[in-house]
Amino acid sequence: MRKAPISVIGTRSDRSGPDSWLEIEKVATAELSSEDPQHPFEQALRADTADGWKASDRGPQLIRLRFDIPQSIKRIHLQFQEGQVDRSQEIALFATSSGSPRKQLVRQQWAFSPGGSTTELEDYYFDLKDVTVLELEIDPGRHDKQVFASLQCIRIG
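Residues numbered from 1 in each chain as written. Predicted model: local features only at pLDDT ≥ 70, side-chain atom pairs only at ≥ 80, totals over all residues. Heavy atoms only, no water.

### Thoughts on the side chain of Ser 34
With respect to the helices and strands, Ser 34 occurs in the loop between β1 (28-32) and β2 (53-58). Residue classification places Ser 34 among the buried residues on the basis of a relative accessible area of 6%. At 3.2 Å, the side chain of Ser 34 and the backbone nitrogen of Asp 57 are in polar contact. Each residue touching Ser 34, except ones within four places of it in the same chain, is listed here: Trp 53, Ala 55, Ser 56, Asp 57 and Gln 61. (Helix = DSSP H or I, 4+ residues; strand = E, 2+ residues; numbered from the N terminus. Buried < 20%, exposed > 50% of the residue type's maximum accessible area, 1.4 Å probe, protein only. Polar contact = N/O pair within 3.5 Å; in protein donor to acceptor, adjacent residues only side chain to side chain. Contact = heavy atoms within 4.5 Å.)

This is the structure in structure tokens:
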């Protein structure tokens, strides 16, 4: 039998590792629909904080990252936490590339329950080229517009 190794798309060796995260604060401008001064967006960029970002207004929120120069994006890691109230959340990621219109990458729903599911962890793998804008829409309550959005952590590689 003849055998030859092949490269499989999406294997661990093809994926961005922890050493290849973008320094978002240095390569992008963050535009936020609202922000709690006690929980600024910068806290969601650091792995050494337990606070993360929180909105100052209730209901759906938008986080837009405008890159200084177009970026190739292979991975987006998001973490959300809710330990206080039962709620259903919906998130959506969008990317705009040089010369291309805004495109939805993913839409995801999650149900938080303090007695069980308190953490949502999303790890998405892409092959995006020349991304100029990345947007994260968060609807923290889906059917309850009195809930505050939050984001524990975001990493882009």
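### Regarding the pattern of salt bridges
One pass over the structure, following the stated rule, counts 13 salt bridges. Across the pair Glu 137 and Arg 102 runs a salt bridge whose closest N-O atoms are separated by 2.9 Å. Of the two residues, Glu 137 sits in strand β6 (residues 119-139) while Arg 102 sits in the loop between β4 (87-97) and β5 (103-112), which places them 35 residues apart along the sequence. Owing to a relative accessible area of 30%, Glu 137 belongs among the partly exposed residues under this scheme. Taking the shortest distance from any N to any O, the salt bridge between Lys 145 and Asp 139 comes out at 3.0 Å. Its relative accessible area of 16% is what places Asp 139 among the buried residues. The network of salt bridges with shared partners includes Glu 31, Arg 64, Arg 66, Arg 102, Glu 135 and Glu 137. (Salt bridge = Lys/Arg side-chain N within 4 Å of Asp/Glu carboxyl O.)

### Remarks on the environment of His 143
Summarising the element assignment, His 143 is placed in the loop between β6 and β7 (148-151). Residue classification places His 143 among the exposed positions, given a relative accessible area of 70%.

### Structural notes on the layout of surface pockets
Space inside the largest pocket adds up to approximately 240 Å³. When residues of the lining of the largest pocket are traced back to their parent elements, those giving at least two are β2 and β7. Element by element, the count of residues in the lining of the largest pocket is highest for β7, at four residues. For the lining of the largest pocket, the class distribution of residues is five nonpolar, six polar and four charged. (1 Å grid on protein atoms, 1.4 Å probe; cavity = no way out; pocket = protein on both sides within 12 Å on 5 of 7 lines; lining within 4 Å. Points joined across faces, edges and corners; volume = space filled by probe spheres on them. Nonpolar A, V, L, I, M, F, W, Y, C, P; charged D, E, K, R; others polar.)

Distances and angles like these do not, on their own, reveal function.
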